[in-house]
Structure formats: structure tokens, C-alpha cells
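Structural characterization, general
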Amino acid sequence: MEPIQNTADLSAYLAADEVIDHHHPVVRATAARLVAEATDPYEYARAAYEFVRDAIPHSADSGDLRVTWRASDVLALGTGICHAKSHALAALLRAEDIPTALCYQRLTDEKGGHAVHGLVAVRFNGAWHRQDARGNRPGVDARFSLDGERLAWVPDPASGETDYPVLYAEPHPAVLAALRAAPDRPYLGRTLPAAL
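The notes below deal with the structure included here.

Cut-offs used in this document
Residues numbered from 1 in each chain as written. Predicted model: local features only at pLDDT ≥ 70, side-chain atom pairs only at ≥ 80, totals over all residues. Heavy atoms only, no water. Helix = DSSP H or I, 4+ residues; strand = E, 2+ residues; numbered from the N terminus. Rg over C-alpha atoms; globule rule 2.2 N^0.38 Å. Buried < 20%, exposed > 50% of the residue type's maximum accessible area, 1.4 Å probe, protein only. Contact = heavy atoms within 4.5 Å. Areas by Shrake-Rupley, 256 points an atom, 1.4 Å probe, with all protein chains shown as cover. Lys, Arg positive; Asp, Glu negative; His and termini not counted. Charge placed at Lys NZ, Arg CZ, Asp CG, Glu CD. Phe/Tyr/Trp six-rings, centres within 6.5 Å; stacked < 30°, edge-to-face > 60°. Lys NZ or Arg CZ within 6 Å of the ring centre and 35° of its normal. Pairing = 2+ DSSP bridges. Salt bridge = Lys/Arg side-chain N within 4 Å of Asp/Glu carboxyl O.

As for the overall build of the protein chain
The secondary structure content of the protein chain amounts to seven helices and six strands. Listed by position from the N terminus, the elements making up the protein chain come as β-α-α-α-α-α-β-β-β-β-β-α-α. The C-alpha atoms of the protein chain give 15 Å as radius of gyration, which agrees with the globular expectation for 196 residues (16 Å, within 12%). Principal-axis analysis of the C-alpha atoms gives the protein chain an extent of 45 × 35 × 35 Å. The buried share of the protein chain, taken over its 196 residues, is 47%. Sequence separation of at least 24 residues holds for 62% of the intrachain contacts in the protein chain that already meet a minimum separation of 6. Surface summary for the protein chain: the accessible area is close to 8800 Å², and the carbon and sulfur share equals 52%. Side chains of the protein chain give 19 positive and 26 negative charges; the mean places of these two sets differ by 4 Å.

Next comes the structure, spelled out in C-alpha cells:
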């Protein structure tokens, strides 16, 4: 799959907004702590990825019913689904001037339908590399990689699953609307889009 930027302006993938609020003190403090231990941008990106993947539990795995969507809230509350964790990772990477896009997959869900899954793509050496900070569990072993994808899942086209090629500078409106409107995670599970 060849990724497609939804804007040619690379600076859009460094921007802060209400969701990817990398200007927020919580994001800045987390980034400063991680960058202090990194020797270069690649090491920082890997450390930020592993922090979001491992230190912030996926709320479905932990049983947390809270819904987060703003990067600073994900970091402050320590919880989020894949989309929220992607927003947090994008904010941490953009805080250190690493272009980061939001991207999506359509996957089969546990109810036999489909759900949109959130990822990020980082830009290094003139190319985009997708990363999945969802969080590992038995059967899921995602890793930071610039040398071949190590995502949580590989879509099965025969099951109606797909990789969406578009790299978004901002969260997809349908995903963000569902996150913002959800009073809790069970409600969100019923309202997240099944396709983009």
C-alpha cells in the first residue's frame, strides 16, 4: 500500500490543534522526559512509541470505561482506545518536530461487524512508516519499526478488512465526532464508524 498525504504541506503534520495539543504542559513534560534519554530523533520516536504502547493501557484491555480523545487527556489520565493513543503519540512526536500523520484500518470487530482502527505514520528519511501503539496483549505484538511494518493486525480483504491509504494531518471527522460524543466506552463501541 502506498500512503497518500491528504495535504502536500508537510508542516500540517507538525501542527498542534485541540486534539493533538502538543503545546499542552502535560505533553511537553512527557516529551521532555523522553527526549532526555534519547540520543537522536529515531531513538526519541521509538521511546515515545513504547511509552504510549506500554505505559498507557488500551481502555478495552484494562476495563476503563472513560473515553479520552485529546492527547493531553490521554497522557494525564493514562487511558484510551487506539484512536486516543494515536493522538497522544502524534502529539509527543510532533512536540519534537517529527512529522506524524493519523491513519486507519478497517478491521473485523468482536461482534462480527467491522470497526475503524487508529494508527500513526511517522516520516523519517523521506518516507512514511506506519506504527500501531494500541498496546500488546496475547496474540498482538506490535513494534516500532522503520524497516517493515510491525502492526497489531494485517487486514484480511476476504473478511472486508482494509488498510486506508490516506495519511491525515488531523483526526478523521467521523472518528473524532464519535469520540467526543461518547459518555463511556460501551457507548463508543456502538457508535464508532465501521468504515471511512
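Moving on, there is more to tell.
Let's talk about the packing of aromatic side chains
By convention here, two paired aromatic rings are described through the distance between centres and the angle between planes. By the definition in use, this model includes five aromatic pairs. Their ring planes at 70° and their centres at 6.3 Å tell us that Tyr-42 and Phe-124 sit as a pair that is edge-to-face. In this pair, Tyr-42 is assigned in helix α2 (residues 41-55) and Phe-124 in strand β3 (residues 114-124), connecting sequence segments 82 residues apart. According to the relative accessible area criterion, Phe-124 is buried, its value standing at 12%. Considering the side-chain rings of Tyr-104 and Tyr-168, the 5.7 Å spacing of their centres and the 65° angle between planes classify their relative orientation as edge-to-face. With Tyr-104 in strand β2 (residues 100-108) and Tyr-168 in the loop between β6 (166-167) and α6 (173-181), this residue pair connects regions lying 64 residues apart in the sequence. Residue Tyr-104 shares its accessibility class with Tyr-168, and that shared class is buried. Aromatic ring contacts, followed pair by pair, group Tyr-42, Tyr-49, Phe-124 and Phe-144 into a single cluster. Over the aromatic face of Trp-69 sits the side chain of Arg-180, whose NZ or CZ is 4.6 Å from the ring centroid.

Looking at the pairing of β3
Summarising burial for β3: nine of the eleven residues are buried, a large majority. The sheet contact formed by β2 and β3 spans nine bridges and is antiparallel. Bridge assignment links Gln-105 to a residue of β3, and that residue is His-117. Hairpin connection, β2 to β3: the antiparallel pair is bridged by five residues, and Gly-112 has positive phi, about 90°. With five bridges joining them, β3 and strand β4 (residues 127-131) adopt antiparallel strand pairing. If you follow Ala-121 over to β4, its bridge partner there is Arg-130.

Concerning the pattern of salt bridges
A complete count under the given rule lists 13 salt bridges for this structure. In this structure, the salt-bridge partner of Arg-143 is Asp-141, at a minimum N-O distance of 3.1 Å. The exposure class assigned to Arg-143 is partly exposed, which follows from its relative accessible area of 41%. For Asp-141, a relative accessible area of 37% corresponds to the partly exposed category. Members of the salt-bridge network, linked through shared partners, are Glu-18, Arg-70, Asp-73 and Arg-180.

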